[in-house]
Amino acid sequence: MTNIAKEEPRINEQIRIREIRVIGVGGEQLGLMNPRDALQIAMDNHMDLVEISPNAKPPVCKIMDYGKYRYEQQKREKEAKKKQKVIEVKEVKFRPGIEDHDFEVKLKNAIRFLGDGDKVKCTIMFRGRELTHPELGEVLLNRVADQLKDKAVIERKSKLEGRNMTMIVAPKPAK
């Protein structure tokens, strides 16, 4: 797994600046010093010299165990990734001449998807000559929108795309 977006901090011999501010192992300030002297202190403690704030004047470096530091960072990133909710777009397909019971079943599915936090794409599929009456699809999508008005917001109004008419609804934000 490569981290292209994030750049690793400079450590040990990679730090080539005339003067740095050094923080010790216990978090105490060791003051301004030459990177070679700071690296020697780090080596004596079997630690690494890590540049933690490269944009400061002078740059701030800390004496720490770099392997442990990277491990902790990866653990935090993994935990943050777990908490993110990926919103999917689920699709519910209708036909212009759909029966009431079938409509209710598909509406229940749409409500379930919205309850899971996903967006729902409602599609009316036209076949053959049904395309000469796009207003039937419009009426059906309006009926869907009306039934879902307390659970969802219309993200994209109904739109005819080839032989399909689509509308996208998203779950209402929690108050």
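In what follows, the structure referred to is the one given above.
Here's what I pulled together on the structure shown here. No experiment lies behind these values; they were computed from the predicted model shown.

Here 4 strands make up an open sheet; going across it, the order is β2-β1-β4-β3 and the pairing mixed. Each having just a single partner strand, β2 (29-33) and β3 (48-53) make up the two edges of the open sheet. Ignoring which end each strand starts from, the neighbouring axes of this sheet average 30° apart. Against the sheet, helix α1 (residues 35-44) touches β1 (20-23), β2, β3 and β4 (60-64), its axis set at about 125° to β3.

A separate point is the sheet that holds strand β5 (residues 89-94). Read from one edge to the other, the open sheet built from 4 strands follows the order β5-β6-β8-β7, with strand pairing classed as mixed. Either end of the sheet is taken by a strand with one partner, and the two such strands are β5 and β7 (152-161). Taken over all neighbouring pairs, the strand axes of this sheet differ in orientation by 20° on average, direction set aside. Here 6 bridges tie β5 to strand β6 (residues 119-125), and the two strands are oriented parallel to one another. Within β6, the residue paired with Glu91 across the bridge is Lys121. Where helix α3 (residues 100-115) meets the sheet, its contacts fall on β5, β6, β7 and β8 (164-171), and the angle it forms with β5 comes to roughly 170°. Packing against the sheet, helix α4 (residues 134-148) makes contact with β5, β6, β7 and β8, and its axis sits at approximately 10° to β8.

As a further point, take the packing of α3 against α4. Contact pair α3 / α4: the axes reach a minimum separation of 11 Å and the direction vectors enclose 50°. Classified by the angle their axes make, α3 and α4 are oblique. Viewed along their axes, α3 and α4 form a crossing whose handedness is right-handed. Between α3, through Asp100, Phe103, Glu104, Leu107, Ile111 and Leu114, and α4, the contact on the second element is made entirely by Leu140, Arg143, Val144, Gln147 and Leu148.

To continue, consider the environment of Lys149. Structurally, Lys149 can be placed in the loop between α4 and β7. Relative accessible area serves as the criterion here: at 52%, Lys149 is assigned to the exposed category. In the structure, Lys149 is positioned 55 residues away from Phe94 in sequence and 18 Å away in space, judged by C-alpha atoms. At 3.1 Å, the side chain of Lys149 forms a polar contact with the side chain of Asp146.

Since there are 3.6 residues in each turn of an α-helix, residues three or four apart along the chain are aligned in direction. If you check α3, its first and last C-alpha atoms are 22 Å apart, about what 16 residues at 1.5 Å a residue would give, namely 22 Å. If you check which residues of α3 are buried, you get Phe103, Leu107, Ala110, Phe113 and Leu114. Here the buried residues of α3 occupy an arc of 115° about the axis, which is enough to place them on one side. Counted as exposed and oriented over 90 degrees from the buried face of α3: His101, Lys108 and Gly115. Gly117 sits one or two residues past α3 and shows a positive phi near 90°.

What follows covers unusual backbone geometry. For the bond running from Lys57 to Pro58, omega is -10°, close enough to zero to count as cis. Structurally, Pro58 is set in the loop between β3 and β4. Positive phi, normally seen in glycine, also occurs at His46, with a value near 55°. Following the sequence through the fold, His46 ends up in the loop between α1 and β3. Overall, the relative accessible area of 75% leaves His46 in the exposed class.

Rules behind the numbers
Residues numbered from 1 in each chain as written. Predicted model: local features only at pLDDT ≥ 70, side-chain atom pairs only at ≥ 80, totals over all residues. Heavy atoms only, no water. Pairing = 2+ DSSP bridges. Helix = DSSP H or I, 4+ residues; strand = E, 2+ residues; numbered from the N terminus. Axes fitted to C-alpha atoms, helices over the stretch in contact; angles between N-to-C directions. Contact = heavy atoms within 4.5 Å. Parallel < 35°, antiparallel > 145°, perpendicular 65-115°, else oblique. Left-handed = near helix turned anticlockwise from the far one by under 90°. Buried < 20%, exposed > 50% of the residue type's maximum accessible area, 1.4 Å probe, protein only. Polar contact = N/O pair within 3.5 Å; in protein donor to acceptor, adjacent residues only side chain to side chain. Expected span 1.5 Å × (residues − 1). Arc of directions from axis to C-beta.

That is the geometry; function is a separate question.
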